[in-house]
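# Analysis of the macromolecular model
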Amino acid sequence: MPSAAPAAAPPAAARRRPLLLHPAAKVLLFVAALLPLAWYVWGAVANTLGANPAEALIRGMGDWTLRFLCLTLAVTPVRQWTNTPALARFRRMLGLFAFFYGCLHFLCYAWLDKDLLLADIVTDIAKRPFILVGTLSLLLMLPLAATSFNRAIKALGAPRWQRLHRLVYATVLLALLHFFWMRAGKNNFAEVGVYAAIVAVLLGWRVLNAVRARRARR
Ligand code: HEM
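Parameters at a glance
Residues numbered from 1 in each chain as written. Predicted model: local features only at pLDDT ≥ 70, side-chain atom pairs only at ≥ 80, totals over all residues. Helix = DSSP H or I, 4+ residues; strand = E, 2+ residues; numbered from the N terminus. Buried ≥ 20, exposed ≤ 12 C-beta atoms within 10 Å, placed from the backbone. Expected span 1.5 Å × (residues − 1). Bend = angle between axes of the 7 residues up to and from the residue. Core = buried A, V, L, I, M, F, W, Y, C linked by C-beta atoms within 7 Å. Contact = placed C-beta atoms within 7 Å. Near = placed C-beta within 6 Å. Nonpolar A, V, L, I, M, F, W, Y, C, P; charged D, E, K, R; others polar. Axes fitted to C-alpha atoms, helices over the stretch in contact; angles between N-to-C directions. Parallel < 35°, antiparallel > 145°, perpendicular 65-115°, else oblique. Left-handed = near helix turned anticlockwise from the far one by under 90°.

## Structural notes on the overall build of the protein
The helix and strand inventory of the protein stands at 10 helices and 0 strands. The secondary structure elements of the protein, listed N-terminal to C-terminal, are α-α-α-α-α-α-α-α-α-α. Dimensions along the principal axes, computed over C-alpha positions, put the protein at roughly 85 × 50 × 40 Å. Across the 218 residues that make up the protein, the buried fraction comes to 17%.

## As for helix α2 (residues 23–46)
Since the α-helix turns once every 3.6 residues, residues separated by three or four places project in the same direction. The end-to-end C-alpha separation of α2 is 34 Å, in line with the 34 Å expected for 24 residues at 1.5 Å each. The largest bend in α2 is about 35°, located at L35, with the proline P36 one to four residues further on. With 1 of its 24 residues buried, α2 lies for the most part at the surface. Residue N47 follows α2 closely and has a positive phi angle near 60°.

## Digging into the nonpolar core
Most often, soluble globular proteins have nonpolar side chains that are buried together. Counting residues in hydrophobic clusters, the biggest one holds 27 residues, and the most contacted among them are M61, F68, L69, A98, Y101 and A175. For this core, the secondary structure elements donating two or more residues are α3 (53–81), α4 (91–113), α6 (129–146), α9 (167–184) and α10 (190–217). With 9 residues, α3 is the single largest residue contributor to this core. Excluding anything up to four places from it in sequence, A98 contacts T65, F68, L69, T72 and M141.

## Quick look at the site of the ligand
Around the ligand there are 23 residues in total, and R59, G62, T65, G134 and A175 lie nearest to it. Counting only elements with at least two residues in the shell around the ligand, the list comes to α3, α4, α6 and α9. Broken down by class, the residue content of the shell around the ligand amounts to 11 nonpolar, 8 polar and 4 charged.

## Structural notes on the packing of α4 against α6
Following both chains from N to C, one finds α4 and α6 inclined at 140°, their axes separated by 10 Å at the closest point. Overall, the two elements α4 and α6 adopt an arrangement that is oblique. Once α4 is placed against α6, the crossing between them reads as left-handed. Across the interface between the two elements, G95, L96, A98, F99, G102 and F106 of α4 pack against L138, M141, L144 and A145 of α6. By residue class, the composition of the contact of α4 with α6 is 8 nonpolar, 2 polar and no charged.

## A short note on α10
In this model α10 runs 41 Å from its N-terminal to its C-terminal C-alpha over 28 residues, within 8% of the 40 Å that 1.5 Å per residue would give. In terms of residue burial, α10 counts as a barely covered element, since only 2 of its 28 residues are buried.

## A short note on the environment of F149
Mapped onto the elements of the fold, F149 is located in the loop between α6 and α7 (150–156). The exposed category is assigned to F149, around which 12 C-beta atoms lie within 10 Å. Considering only alpha carbons, one finds F149 and M93, 56 residues apart in sequence, at a separation of 10 Å.

## Observations concerning unusual backbone geometry
Residues other than glycine seldom take positive phi values, yet L116 does so here, at roughly 60°. Position of L116 relative to the elements: it lies in the loop between α4 and α5 (118–127). Here L116 falls in the exposed class, since 11 other C-beta atoms lie within 10 Å of it.

## Notes on the environment of A197
Mapped onto the elements, A197 comes out in helix α10. Its 10 C-beta neighbours within 10 Å are what place A197 among the exposed residues. Separated by 14 residues in the primary sequence, A197 and V211 place their C-alpha atoms 21 Å from one another.

## What to know about the environment of L208
Looking at where L208 falls in the secondary structure, it is placed in helix α10. Between the C-alpha atom of L208 and that of Y169, which follows or precedes it by 39 residues, the distance is 15 Å.

See the structure below:
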């Protein structure tokens, strides 16, 4: 009897799909996204955050806000480059974690730097341009977070929702400017350069795609 030919191995992207579609994948991402917070809380309790724990907390939360913003922006390009549509289901959670860490960053600043004194916070925002730019960036994230749920998408309609969510580009650019301005005072641009390069690739890819799509429509 002729033996059946061995079935060809599924491509790598197809093998990744069941893992990414598993309900536990979102739970894992949720837990992983809370690890930076756990690390800083543990550091504050165990007093291992260095000579200036308040500064370490404020900066750490700021770093993670920017990292989650970059991860959110990376979902669509990576999904297309690797032919892994299932990645799309993690974008909303990553975006909400960017907002969550942004709120913690602001709270740490307001509490540890300004003793929760509203007048001092407002004066600082008006006085220091890098704080103003950070505040604008966080404020732009508000409508994004508020409309990240299915009911909001339905109420707004997909085209309007998509237009509104382009605010994420302004958010990340303002966040970069905030970081650049803060480090400019210390003449230390190495890290800012790395984030700027990542954002340039992620936004550049979108611009290129938009130009190609427009040309194809002509
Ligand atoms: C989406 C919004 C924001 C992002 C992505 C962001 C990100 C960052 C980053 C990456 C840093 C530098 C951390 C480091 O040096 O490793 C930073 C520092 C800082 N940010 Fe933000 N930030 C945001 C909003 C805000 C807001 C709303 C405020 C206050 C109103 C603020 C106040 C500060 C302060 C006080 C520092 C530390 C400055 C210093 O230590 O000299 N940021 N932020």
